[in-house]
Amino acid sequence: GKPGPRDSFPRYNSFNDPHLLRYYARKFGFELSPPSTHSASRVKRVLNNGGNLSGKGPRKETKGIYKVKVKTGDKINAGTLAKVFLMVNGSKGRINKQRLCEVSGSDQSTTFQFSPGSCHTFDVDGPDIGDIKSIFLEHDGLLEKHAWFVEEVSIYSVTKEKSWQFTCHKWLSLFHNDCQIGRTFYPASTTDLQTLSGTHTKNAVYEVVTITGDVRGAGTDANVFVTLFGEYGTTPKVHLA
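Residues numbered from 1 in each chain as written. Predicted model: local features only at pLDDT ≥ 70, side-chain atom pairs only at ≥ 80, totals over all residues. Heavy atoms only, no water.

Give me the overall build of the protein: which residues, what numbers.
Assigned secondary structure in the protein consists of three helices and 12 strands. Here the protein holds 241 residues, and 30% of them are scored as buried. Pairs at least 24 residues apart make up 59% of the contacts formed inside the protein by residues separated by at least 6 positions. Carbon and sulfur atoms make up 50% of the accessible area of the protein, which amounts to about 16,900 Å² in all. (Helix = DSSP H or I, 4+ residues; strand = E, 2+ residues; numbered from the N terminus. Buried < 20%, exposed > 50% of the residue type's maximum accessible area, 1.4 Å probe, protein only. Contact = heavy atoms within 4.5 Å. Areas by Shrake-Rupley, 256 points an atom, 1.4 Å probe, with all protein chains shown as cover.)

Explain the sheet that holds strand E2 (residues 84-90) to me, and be specific about the residues and the numbers.
With antiparallel pairing, the four strands of this open sheet are ordered in space as E3-E2-E5-E8. In this open sheet, the two edge strands, each paired with only one partner strand, are strand E3 (94-99) and strand E8 (182-185). In this sheet, adjacent strand axes meet at a mean angle of 15° when their direction is disregarded. In this structure, E2 lies alongside E3, joined through four bridges in antiparallel fashion. When the bridges of E3 are listed, Val88 appears paired with Ile95. (Pairing = 2+ DSSP bridges. Axes fitted to C-alpha atoms, helices over the stretch in contact; angles between N-to-C directions.)

Before we move on, can you summarise the sheet that holds strand E1 (residues 63-72) with the specific residues and values?
Here four strands make up an open sheet; going across it, the order is E4-E1-E6-E7 and the pairing antiparallel. One side of each edge strand has no neighbouring strand; the edge strands of this open sheet are strand E4 (119-127) and strand E7 (162-172). Each strand of the sheet is rotated relative to its neighbour by a mean of 20°, with strand direction disregarded. By the bridge criterion, nine bridges tie E1 to E4 in an arrangement that is antiparallel. Looking across to E4, one finds that Lys67 is bridged to Asp123.

Give me the lowdown on the packing of aromatic side chains, citing residues and values where you can.
Within the structure shown, the criterion is met by five aromatic pairs. When the ring of Phe112 is compared with that of Phe114, the centres are 5.1 Å apart and the planes differ by 85°; the resulting orientation is edge-to-face. This pair shows no difference in class: Phe112 is buried, exactly as Phe114 is. With a centroid separation of 5.9 Å and an interplanar angle of 45°, the aromatic rings of Phe114 and Phe122 are classed as tilted. Like Phe114, the residue Phe122 is buried in the burial classification. Ring pairing ties together the aromatic residues Phe112, Phe114, Phe122 and Trp148, which thus form one cluster. Sitting above the plane of the Phe149 ring, Lys75 keeps its charged end 4.8 Å from the centroid. Between the NZ or CZ atom of Lys97 and the centre of the ring of Phe85, over which it lies, the distance is 5.3 Å. (Phe/Tyr/Trp six-rings, centres within 6.5 Å; stacked < 30°, edge-to-face > 60°. Lys NZ or Arg CZ within 6 Å of the ring centre and 35° of its normal.)

Would you mind going over the nonpolar core in detail, with residue names and values included?
Counting 26 residues, the largest nonpolar core has Leu100, Ile135, Leu137, Val153 and Ile155 as the members making the most contacts within it. Those residues within four positions of Ile155 in sequence are excluded, and the remaining contacts are Tyr66, Lys67, Val68, Val88, Ile132, Ile135, Lys162, Ser163, Trp164 and Phe166. (Core = buried A, V, L, I, M, F, W, Y, C linked by side-chain atoms within 4.5 Å.)

Please give an account of a nonpolar patch on the surface that cites residues and values.
A cluster of nonpolar side chains, contributed by Tyr206, Val208, Val224, Val238 and Leu240, occupies part of the molecular surface with about 420 Å² of accessible area. Among the structural elements, Val238 can be located in strand E12 (residues 238-240). For Val238, a relative accessible area of 40% translates into the label partly exposed. (Patch = residues over 30% accessible without salt bridge, like charges linked within 9 Å, V, L, I, M, F, W, Y side chains within 5 Å. Salt bridge = Lys/Arg side-chain N within 4 Å of Asp/Glu carboxyl O.)

Quick one: what's the story with unusual backbone geometry, residue by residue and with numbers?
Even without a glycine there, the phi angle at Asn77 is positive, about 60°. Within the secondary structure layout, Asn77 lies in the loop between E1 and E2. In this structure, Cys179 is a non-glycine residue whose phi angle is positive, near 60°. With respect to the helices and strands, the residue Cys179 is situated in the loop between E7 and E8. We classify Cys179 as partly exposed; its relative accessible area is 37%.

Outline the side chain of Ser118, listing residues and values.
Here Ser118 is to be found in the loop between E3 and E4. With a relative accessible area of 12%, Ser118 lands in the buried category. In terms of polar contacts, Ser118 uses its side chain to reach the backbone carbonyl oxygen of Ser115, at 2.6 Å. Those residues within four positions of Ser118 in sequence are excluded, and the remaining contacts are Val70, Lys71 and Thr72. (Polar contact = N/O pair within 3.5 Å; in protein donor to acceptor, adjacent residues only side chain to side chain.)

How would you summarise the pairing of strand E5 (residues 132-139) if you had to cite specific residues and measurements?
When you tally the buried positions in E5, you get six out of eight residues, the bulk of the element. Both E2 and E5 contribute to a ladder of seven bridges, which runs antiparallel. By the bridge assignment for E5, Val84 is matched with His139. Relative to E8, E5 runs antiparallel, the two sharing four bridges. Paired with Ile135 across the strands is Phe185, a residue of E8.

Below, the structure written as structure tokens:
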């Protein structure tokens, strides 16, 4: 028999695909109205506005401007020429690792020195991360001359007009104490601030008892030292003799 007329189909348009419309609705958080009201132009407007149905343009991430103040300890060889990096964690997000360097427009090869007893302030831009919960401070120095003693760090949010203080008193060094060049610090509590201000001035006496094992070669004639770490601070290194 004579073949009938060839069936014609409408051209496929992804913006009118009901499956994709449901996907766009989930992704950008808008409600689907009856299928007849969905048009390609409607979906395009939503996509171009970043899922914002108000028509006022794409959503913008709230920015934060932070002043980071770093104080280096006033000790012999406490400063460093190593590159120092900071990462900040907050209740709403994180500021990724950034190098702390006062030279404007500096690249990764720029030399910047944290001198003993110095205090430097850096401008750090990033998203609004809410209340700051912790910071991670590190440097890339692998030699003994790169050892760095950090006294304290404070961060001031220009947008929130709020500050956080971190009492460090730690070496970032492969040649001191526990040999760490990166550490996590937490905001100082009321107890920490009282300690720094001298409120906790009462001295305590501790008795340290050592017991050497009763095995061959267990003794030593080397100098032995001890450091005590407590809730209110850390004692100096004491020679046991």
